[in-house]
Amino acid sequence: MTDAVSSPGSVVAATDVDAHMIHLLREMMRIRRFEERCVELYSRTAIRGFLHLAIGEEACAVGVMEALTPDDAVVATYREHGHALARGLSMRATMAELEGKVEGCSRGRGGSMHLFDASTRFYGGNAIVAGGLPLAVGLALADHLQGRRRVTACFFGDGAVAEGEFHESMNLASLWHLPVLFCCENNLYAMGTALKFTESETDLSLKASSYRIPSWEVDGMDVLAVEGAARQAAEAVRGGGGPHFLEMRTYRFRAHSMYDPDRYRDKGEVEGWKEHDPIPALAAQLSERGAIADGDLERMESEIDDEVQDAVTFADAGTFEPIEDLERFVTSEHSSGATP
Amino acid sequence: MSTITYREAVRQGIRDALVRDERVFVMGEDIGHYGGCYAVTLGMLEEFGAQRIRDTPLSESAFVGAGIGAALGGMRPIVEIMTVNFSLLALDQIMNNAATLLYMSGGQFNVPLVIRMATGAGRQVAAQHSHSLEGWYAHIPGLRILAPATVEDARGMLWPALNDPDPVLIFEHAMLYNVEGELSDDPVPVDISTAAIRRAGSDVTIIAYGGTVRTALAAAEQLASEGISAEVIDLRCLRPLDTPTIFASVARTHRALVVDEGWRSGGLSAEVSARITEEAFYDLDAPVARVCGAEVPMPYAKHLEDEAIPQVQDVIAAVRQMVA
Amino acid sequence: MGDFTMPSLGADMESGKVTHWLVKPGDEVKRGDIVAVVQTEKSEIEVEIFEDGTVEELVVAEGSQVPVGAVLAHIATRGPAKAPGERRSVPPVAREPATGHEVRAASRHVQGATSHGPLVESPIVRHLAERLGVSLESLSGSGLGGVVTRADVERAANTSAARAGQLGSRRPASSPFARRLAGELGVDLAQVTGTGPGGSVIERDVRRAGLTAASEVRGTPEATSHDRQRAMQRAVGALMARSKREVPHYYLRETIDLSTSAAWLEQANLERPVEDRLVMAALLFSATARAVKRVPEVNGFYVDGSFVPSASVHLGIAISQRSGGLIAPAIHDADQLGLTELMRQMKELVIRAREGILRSSEMSDPTITVTNLGDRGVESVLGVIYPPQVALVGFGRESEQPWAANGVVDVRRCVVATLSGDHRVSDGIRGARFLREIDRLLQEPEKL
């Protein structure tokens, strides 16, 4: 089933729509600039370990977050900077975490792959592919048992679909009719291996429907389409319709991670997808509508650059957690720092 | 006081928790309609309903992870993994999520999850169904590992475990389910951090847990008739270990023997031995000895299985050698 | 921080193997110290270091072959001051070559052969001697110029292991507890027959050889009192020899005016029933125990290279035995006891000690010992510290002495108090403070 939604809602004032679209554009741009800056920081070794960038996939995170309330929960993967920012984590806290500073959202304990934030119910940041799906099922189970009308949005990539945990979680969520919104960002590659080399059935939403889970395919490069589909699905989930599945067709413009030489993708393919970059696409739409003037974009970019720079400055000036605190938070009783 | 089985004691503990705290629910394979693989949850589906007694599909990873998520979401789940052997399918969730979330998130997310598992060998169910992996799990920071060996602990450890803000794994030795013991009708609360001296003695300290506590006690009884006074420690909590109790005992007896059904290489017995050497070295009059499971995948034939598991005679022989 | 690297010891040398490290992390080294032995294709060569500092880390393990220039150790370079009581090192450098002396044994390193003054054995010989527990002073050297060589050391080590009181690495296998117990009881392990696995010495063997009759003597019927007495003498002798060998003693003495105490004592005894009457020794012991508070460095144990102060003061009282031996069991928490109780415990302890019925804790617990030879009739006693304690207080005979004070000479009742101190733990200043504190306390006897 292909999506049909190209613009949200029924009749609203033109300016409201414009304002919303500008908001979406800004959100995507924030992520883009943040990620680009991460490349630079990684090269100068301020960020270490693994770094997985969402460049090209911004529309997925931004679009889906629009459909969630602050009370909902989000479970994401190791490519989650965009999800974190769109969910509401500050750039400062996120950047500080990437630099391993105690001011980071996870006190520097997690790094790029383990961003956590209790205030926005952002449950990571999971580095095991498909490892977050059972967690999402559990969070939804808790809501179900406590009679709360909340949605747990669970993001994962096409690679997760091969894992046993994907199938177990889909089955369990469906069996128990749990309020999970499964959001699959299908960027056609699981790390370095194309989908066609790993899946006997590459139609992912077909897999979902085999678990009797209603599923949508969405153009993941069109943020409005993503938002529209997500709103519909989330509403259904929230209303007691059980789990739903969104397959967002998207593409990452950069390699899997900073260590990846990206040998497995044809340069032509990459360039081709870049023509569907969600950010210029939305900017063009706004321009056509006359919603933004020439200087507006520059202004927005400049503001965003300032925000990113501020985050970098904040992170650079951050402090490292004292070594004496190494064993804090292994368990709760040791949060006083006592030795086990 | 009544005489009840270990199984019944566990059941009472679960039932008690379900009654006292509406956040508690039980999840696992065959716990509802089947009544539990070891009949622990027999009757509970009828009493508490399908919302709180949830049969799961054979999806260890998913339902353990769901237990973690539910705990994150404010519930107090008791996840029953049928046996420790199947827990291997859920190791990723246990180690990479349950044990790690609090630390990785910088202290933001507690996982107040309890996982119960049957463990151990002795029923000729062969290599894939007979593991003792408590030592493996006791290796992981972030987890509390319990091994109730008495009916009192079988009943009493669950409640404090549920109230622990961090994940707790409870290992019930499968051979204990039918064993009977005396239990007070007014149960006394137990702690989940200390070891217990089950028998006082002066010549040697025998350290055991779970299924081997009975073995140690039986050996001590026989040794007493030979004039050897053995002190038996039931570890009860395998992580963190109650080392003060161990060291105080070794300071009295000057000899230590660890009885562990798990394999000796890199197992819990090795950890206990290392700790004693590190901190009670100058109290030792003999090297720390160990009686462990044989380093084999568990065989099916009875005589071989018996040979592979620590027996009373093995403990007696080891002690005799130490005090000779 | 400097790096000590593999030196080139020859034009064609590409790599070398470190066969012996002669230093370990924490050791202080001086420019010119030999710190390692390196094997090249040609021979074993002693290698020196060219800077002062402290060894931080040995990067390359013994037996490793590394190229010339590879980092062998990290040295923290610092100023020259040496800590007291460190292990022996090369004597001061005499810069002009000493004619006719071969300064190093056998092999010399090729670079800058500096001579180091009078005859010394090489570091590796010293190292070996220490490891084998051989006293170098007792050997005559067969090397050039009479220097002690490695062969001399090995030969000496191979002769009877019963070098008096040798508690080095050639003792028989024994359990940790047995060794600890032996140390506490003053038993010479080398003299104990082991009945543990493989003939190792275990607890019961030590107890059998030990001093206290309170610990049951299991098994051997021939442990007569005569044997026990001889064993005890040997044990004490071993302990004293070890003390003298290992503990750097320093000595202080102070004459203390006892007039106030004596007067108080006379008065106090008038008011006491006979059985509760005090002797001066009780005051002396009480003052000693309480003085510890001022100078904790005299109270505790020197174990494994460091001082462990004791929170409690268990005062060892040296008691002579009828057999002629001397033991020093403890009065526990002597600083907390009133004089009456202290006196009572003293009397009881002496009785039990002379009858040989002491508890093992009394034997093992003293944190400082006092010896009162007053009634034996000498002015002062400079005793040997009982390791692992770190001090011994001695009191001599009470006597009347001329005393000059306030411009007037009169006669006062005095006693000479002495302190034998472990210089690794305390020094003259602290020791003096301790003795002065004892003096001060004895001037206020009513507070004891």
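In this text, all values refer to a predicted model and were calculated from it rather than measured experimentally.

*Asks:* Residue-level account of the overall build of chain A, with values.
*Replies:* Regarding its fold elements, chain A presents 11 helices and 7 strands. Here chain A, with 340 residues, has 51% of them falling under the buried criterion. Long-range pairs, those at least 24 residues apart, make up 75% of the contacts in chain A with a sequence separation of at least 6.

*Asks:* Tell me what's going on with the packing of helix H4 (residues 91-98) of chain A against helix H11 (residues 294-316) of chain A, and back it up with residues and numbers.
*Replies:* Residue and element names in this part refer to chain A. At a minimum axis separation of 8 Å, H4 and H11 run at an interaxial angle of 45 degrees. By the angle between their axes, H4 is oblique relative to H11. The two elements H4 and H11 meet at a crossing, and its hand is right-handed. For the pair formed by H4 and H11, the contact residues are Met91, Arg92, Met95 and Ala96 on the first element and Glu307, Val308, Ala311, Val312, Phe314 and Ala315 on the second. Residue composition of the contact of H4 with H11, by class: 8 nonpolar, no polar and 2 charged.

*Asks:* Outline the interface of chain A and chain B, supporting the account with residue identities and numerical values.
*Replies:* Each side of the interface is counted separately: chain A has 35 residues, and chain B has 37 residues. Mapped onto the side of chain A that touches chain B, the elements with two or more residues apiece are helix H5 (132-145) and helix H6 (164-175) of chain A. With 10 residues, the single largest contributor to the side of chain A that touches chain B is H5(A). Of the residues in the side of chain A that touches chain B, the class split is 17 nonpolar, 12 polar and 6 charged.

*Asks:* An account of the pairing of strand E16 (residues 368-372) of chain C is needed here, citing residue identities and associated values.
*Replies:* All names here are of chain C. Most of E16 sits inside the fold, with 5 of its 5 residues counted as buried. Burial along E16 is two-sided: Ile368, Val370 and Asn372 facing one way and Thr369 and Thr371 facing the other are all buried. In terms of strand pairing, strand E12 (residues 315-317) meets E16 through 3 bridges, oriented parallel. Pairing of Leu315 across the sheet is with Ile368, part of E16. As paired elements, E16 and strand E17 (residues 391-395) share 4 bridges and run parallel to each other. Along E17, the bridge assignment pairs Val370 with Val393.

*Asks:* Explain the nonpolar core residue by residue, including any values.
*Replies:* Core analysis: the largest hydrophobic core is formed by 267 residues, its most contacted members being Val137(A), Cys154(A), Leu181(A), Leu246(A), Leu146(B), Ile206(B) and Ile207(B). Those residues in contact with Val137(A), other than ones at most four positions away along the chain, are Ser169(A), Leu172(A), Ala173(A), Leu178(A), Val180(A), Ala62(B), Gly65(B), Ala66(B) and Gly69(B). Membership of the second largest hydrophobic core comes to 26 residues, among which are Phe4(C), Val47(C), Leu72(C) and Val125(C).

*Asks:* For the sheet that holds strand E4 (residues 34-39) of chain C, give the residues involved together with the corresponding values.
*Replies:* The pairing of strands in a sheet comes from backbone hydrogen bonds and takes either a parallel or an antiparallel form. Residues and elements named next belong to chain C. What the 4 strands build is an open sheet, ordered E5-E4-E2-E7; its pairing is antiparallel. Of all strands in the sheet, those bounded by a partner on one side alone are strand E5 (44-48) and strand E7 (65-67). When strand polarity is set aside, the average angle formed by the axes of neighbouring strands in this sheet is 45 degrees. Relative to E5, E4 runs antiparallel, the two sharing 5 bridges. From the neighbouring strand, Val38 faces E5, where its bridge partner is Ile45.

*Asks:* Describe in detail the packing of helix H2 (residues 58-65) of chain A against helix H8 (residues 223-241) of chain A, supporting the description with residues and values.
*Replies:* Residues and elements named next belong to chain A. Between H2 and H8, whose axes approach to 8 Å, the crossing angle comes to 40 degrees. Here H2 is positioned oblique relative to H8, judged by the angle of their axes. Where H2 crosses over H8, the handedness of that crossing is right-handed. Facing H2, whose interface residues are Ala59, Cys60, Val62, Gly63 and Val64, H8 presents Val223, Val226, Glu227 and Ala230. Taken together, the residues that form the contact of H2 with H8 break down as 7 nonpolar, 1 polar and 1 charged.

*Asks:* Mind laying out the sheet that holds strand E2 (residues 24-28) of chain B, listing which residues take part and the relevant values?
*Replies:* Residue and element names in this part refer to chain B. Strand order across the open sheet formed by 7 strands is E3-E2-E4-E5-E7-E6-E12, with mixed pairing between neighbours. The open sheet has two edge strands with one neighbour each: strand E3 (53-55) and strand E12 (237-239). Geometrically, the sheet is characterised by an average inter-axis angle of 20 degrees between neighbouring strands, direction not taken into account.

*Asks:* I'd like a rundown of the interface of chain C and chain B, residues and numbers included.
*Replies:* Taken together, the contact between chain C and chain B spans 7 residues of the former and 7 residues of the latter. Sort the elements by how many residues they give to the side of chain C that touches chain B and helix H3 (residues 176-185) of chain C lands first, with 4 residues. Its residues placed into classes, the side of chain C that touches chain B shows 4 nonpolar, 1 polar and 2 charged.

*Asks:* Which residues make up the confidence of the model for chain A, and what values do they have?
*Replies:* For chain A, mean pLDDT is 90; residues scoring 70 or higher make up 93% of the total. The low-confidence segment residues 335-340 of chain A, where pLDDT is below 50, has 10 contacts with residues more than four positions distant or belonging to other chains.

*Asks:* With reference to specific residues and values, describe unusual backbone geometry.
*Replies:* Of note, the bond from Gly124(A) into Gly125(A) is cis; its omega dihedral lies within 30 degrees of zero at 25 degrees. Topologically, Gly125(A) is positioned in the loop between H4 and H5. A cis amide bond links Pro387(C) to the next residue, Pro388(C), at an omega of 5 degrees. As for its position among the elements, Pro388(C) is in the loop between E16 and E17. Even without being a glycine, Ala126(B) presents a positive backbone phi close to 70 degrees. Structurally, Ala126(B) is set in the loop between strand E5 (114-119) and helix H7 (134-137).

*Asks:* A description of the environment of Leu206(A) should follow, citing residues and the corresponding values.
*Replies:* Residue and element names in this part refer to chain A. Here Leu206 shows up in helix H7 (residues 204-210). Under the C-beta neighbour-count criterion, Leu206 is labelled exposed, with 12 such atoms within 10 Å. Sequence separation between Leu206 and Glu217 is 11 residues; the distance between their C-alpha atoms is 9.8 Å.

*Asks:* Give me the confidence of the model for chain B: which residues, what numbers.
*Replies:* In this model, chain B carries an average pLDDT of 96, and 100% of its residues clear a pLDDT of 70 or more. What the predictor reports for the complex is a pTM of 0.63 with an ipTM of 0.86.

Cut-offs used in this document
Residues numbered from 1 in each chain as written. Chains lettered and ligands numbered in written order. Predicted model: local features only at pLDDT ≥ 70, side-chain atom pairs only at ≥ 80, totals over all residues. Helix = DSSP H or I, 4+ residues; strand = E, 2+ residues; numbered from the N terminus. Buried ≥ 20, exposed ≤ 12 C-beta atoms within 10 Å, placed from the backbone. Contact = placed C-beta atoms within 7 Å. Axes fitted to C-alpha atoms, helices over the stretch in contact; angles between N-to-C directions. Parallel < 35°, antiparallel > 145°, perpendicular 65-115°, else oblique. Left-handed = near helix turned anticlockwise from the far one by under 90°. Nonpolar A, V, L, I, M, F, W, Y, C, P; charged D, E, K, R; others polar. Pairing = 2+ DSSP bridges. Core = buried A, V, L, I, M, F, W, Y, C linked by C-beta atoms within 7 Å. pLDDT = per-residue confidence, 0-100.

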